[in-house]
Amino acid sequence: MSSSPTLGPIHPLVPAGEDLEPAIAFYEQKLGFSIIHREGDPLRLAIVQRGAAVIYLCRNGYQDIGSPTSIRIQVNHIEQLYAEYQSKDESIIHPEGHLEQKPWGPKEFIVFDPAGCCLTFFAMP
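Parameters and conventions
Residues numbered from 1 in each chain as written. Predicted model: local features only at pLDDT ≥ 70, side-chain atom pairs only at ≥ 80, totals over all residues. Heavy atoms only, no water. Helix = DSSP H or I, 4+ residues; strand = E, 2+ residues; numbered from the N terminus. Polar contact = N/O pair within 3.5 Å; in protein donor to acceptor, adjacent residues only side chain to side chain. Buried < 20%, exposed > 50% of the residue type's maximum accessible area, 1.4 Å probe, protein only. Pairing = 2+ DSSP bridges. Contact = heavy atoms within 4.5 Å. Arc of directions from axis to C-beta. Axes fitted to C-alpha atoms, helices over the stretch in contact; angles between N-to-C directions.

Asker: Honestly, the side chain of Glu108 in this entry has me stumped. Any pointers?
Answerer: Here Glu108 is to be found in strand 7 (residues 107–112). Side chain to side chain, Glu108 and Arg72 meet in a polar contact 3.1 Å long.

Asker: What am I meant to see in the pairing of strand 4 (residues 53–58) here?
Answerer: Here is the key point about a regular strand: its side chains alternate between the two faces of the sheet. A large share of strand 4 lies buried, amounting to five of its six residues. Judged from the three bridges that link them, strand 1 (residues 13–15) and strand 4 form a sheet pairing that is parallel. In the sheet register, Val14 faces strand 4, and the bridge partner there is Leu57. Bridge count between strand 3 (residues 45–50) and strand 4: six bridges; the pairing is antiparallel. Of the residues in strand 4, the one forming a bridge with Val48 is Ile55. The hairpin formed by strand 3 and strand 4 contains two residues between the paired strands, and Gly51 there has a positive phi angle of roughly 60°.

Asker: Looking at this structure, how should I read the environment of Glu21?
Answerer: Here Glu21 lies in helix 1 (residues 20–30). Glu21 gets classed as partly exposed once you look at its relative accessible area, which sits at 36%. With 62 residues separating them in the primary sequence, Glu21 and Ala83 have C-alpha atoms 25 Å apart. Those residues in contact with Glu21 that lie beyond four places of it in its chain are Arg38 and Leu43.

Asker: Sorry, what's going on with the environment of Phe122 here?
Answerer: Along the chain, the position of Phe122 falls in strand 8 (residues 118–123). On the basis of relative accessible area, Phe122 is assigned to the buried category, the value being 11%.

Asker: How should helix 1 be read in this particular structure?
Answerer: For an α-helix, the turn length of 3.6 residues means that residues three or four places apart are oriented alike. Within helix 1, burial applies to Leu20, Ala23, Ile24, Phe26 and Tyr27. All buried residues of helix 1 project into a common sector of 160° when viewed along the axis, lining one side. The secondary structure elements touched by the buried residues of helix 1 are strand 1, strand 2 (34–39), strand 3, strand 4, strand 7 and strand 8. Looking one or two residues beyond helix 1, the residue adopting positive phi is Gly32, at roughly 80°.

Asker: What is the right way to look at the sheet that holds strand 6 (residues 100–101) in this model?
Answerer: Two orientations exist for strands paired in a sheet by backbone hydrogen bonds: parallel and antiparallel. The strand order 5-8-7-6 describes an open sheet built from four strands, whose pairing is mixed. Sheet topology places strand 5 (70–74) and strand 6 at the edges, where each strand pairs with a single neighbour. Sheet topology places strand 6 next to strand 7; two bridges connect them, and they run antiparallel. Counted as the bridge partner of Glu100 is Glu108 from strand 7. Its contacts with the sheet place helix 2 (residues 78–89) against strand 7 and strand 8, and it is angled at close to 30° to strand 7.

Listed below in structure tokens is the structure:
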């Protein structure tokens, strides 16, 4: 009797620019994540977490490398999270990414981090 492999949560590695401190501050102060690990001097890796979402912020010298990165994070109580982010800094919500029900099913909104990583927060109906 063998068990089938099961996949767990993913922990993406996100390019965050040459200086990780602005990225860490953004994830902590704007998105409510907590830093759970710092590595290197100078800092080359930081791990942030909120609930089951874990993101590895890595140092990179080419700032634009973060721009094609896109992560989808499933959320319970998405309206509350959206309101939380709006109250902290409404400008972090992408102008074309406000909370709405999408034709393909989920309700979602979009935030871009300082390095250009697209974070889509979504809830399934």
